[in-house]
Amino acid sequence: FAFVSVVYQQRQTSLGLRPVQPLMRMRSPMTIPRLACRQAASQPLIRQRLQAHSSYKVTLKTPNGDHEIECPSDMYILDKAEMDGIALPYSCRAGFCISCAGLVENGSVDQSDQTFLNQDQMDQGIVLTCFARPTSDMVVRTHVENELAL
């Protein structure tokens, strides 16, 4: 920012215009962050659209019983299950296979990052847990790779 400001002011001077601000003197790298913090604190706070990350209750129906996890909306279901010590099937972890597939019995999910499933398959409730983020409390039946005819 400081460099752009100096260049802009030099261009105004070269065109015969009076600079809007006096040329900045050089500052050490240590004082620039402090200056930026002071300037930011003196400016009114402009709120941008910030996406709040919620957590949702995800119930995983596995052959070994039901497991509930509290999954943040910015985390994939498979990753959170692994963090909580729940073993779910997977292979590529890239959304290119159906090893981690599940069937959504209730709730909604964002799986816009995956490229394997088409819209009809997603509408049927098929979900790839390696690339699925919850958007509500949900129930997912896992270990369904052999049941799917894909």
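The structure we're discussing is the one just above.
Scope of this entry: the structure provided in the associated data block. All of these numbers come straight from a predicted model, not from anything done at the bench. (Residues numbered from 1 in each chain as written. Predicted model: local features only at pLDDT ≥ 70, side-chain atom pairs only at ≥ 80, totals over all residues. Heavy atoms only, no water.)

Section: the pattern of salt bridges
Oppositely charged side chains can pair when the atoms bearing their charge come close. Heads up, the rule is: A pairing counts as a salt bridge when a side-chain nitrogen of Lys or Arg comes within 4 Å of a carboxyl oxygen of Asp or Glu. Starting at the N terminus, helices and strands are each numbered in turn, a helix being any DSSP run of H or I of at least four residues and a strand any DSSP run of E of at least two. Whether a residue is buried, partly exposed or exposed follows from its accessible area with a 1.4 Å probe, protein chains only, as a fraction of its type maximum: under 20%, in between, or over 50%, in that order.
Under the criterion given, the structure shown has nine salt bridges. When the shortest N-O distance is used, the salt bridge between K61 and E105 registers 3.0 Å. Of this pair, K61 sits in strand β1 (residues 55-62) while E105 sits in strand β3 (residues 101-106), placing them 44 residues apart in sequence. With a relative accessible area of 30%, K61 lands in the partly exposed category. Residue E105 is classed as partly exposed on the basis of its relative accessible area of 42%. Salt bridges sharing partners connect three or more residues here, namely K61, E105, R141 and E147.

Considerations on the sheet that holds strand β5 (residues 126-128)
Selection rule: Any two strands with at least two DSSP bridges between them are considered paired. Helix axes are fitted only over the stretch in contact, all axes being lines through C-alpha atoms; the angle between N-to-C directions runs from 0 to 180 degrees.
Spatial strand order, β2-β1-β7-β3-β5: five strands in an open sheet with mixed pairing. Here the strands that pair on one side only, and so sit at the sheet edges, are β2 (65-72) and β5. Pairs of neighbouring strands in the sheet enclose a mean axial angle of 35°, with direction left out of account. Sheet topology places β1 next to β2; eight bridges connect them, and they run antiparallel. Within β2, the position partnered with L60 by the bridge is H67.

Points about the pairing of strand β7 (residues 138-141)
Pairing analysis gives four bridges linking β1 to β7, with the strands arranged parallel. Paired with L60 across the bridge in β7 is V140. In this structure, β3 lies alongside β7, joined through three bridges in antiparallel fashion. Bridge pairing in β7 places L103 opposite R141.

Describing the nonpolar core
What counts, and what does not: Remark: nonpolar core denotes a set of buried residues (Ala, Val, Leu, Ile, Met, Phe, Trp, Tyr, Cys) joined through side-chain atoms within 4.5 Å. Two residues qualify as a contact provided that any one of their heavy atoms is within 4.5 Å of a heavy atom in the partner residue.
Ranked by size, the top nonpolar core spans 25 residues in total, and within it V58, L60, I69, I77 and L128 carry the most contacts. Where this core is concerned, the elements lending two or more residues are β1, β2, α3 (77-83), β3, β5 and β7. If we ignore the near neighbours within four places in the chain, the residues touching V58 are H67, E68, I69, C71, I77, P134, M138 and V140.

With respect to the environment of I77
Along the chain, I77 falls in helix α3. With relative accessibility at 0%, the residue I77 sits in the buried group. Taking the C-alpha atoms as reference points, I77 and P134, separated by 57 residues in sequence, lie 7.3 Å from one another. Residue contacts for I77: discarding those within four places in its chain leaves V58, L60, I69, C71, V109, T129, A132, P134 and M138.

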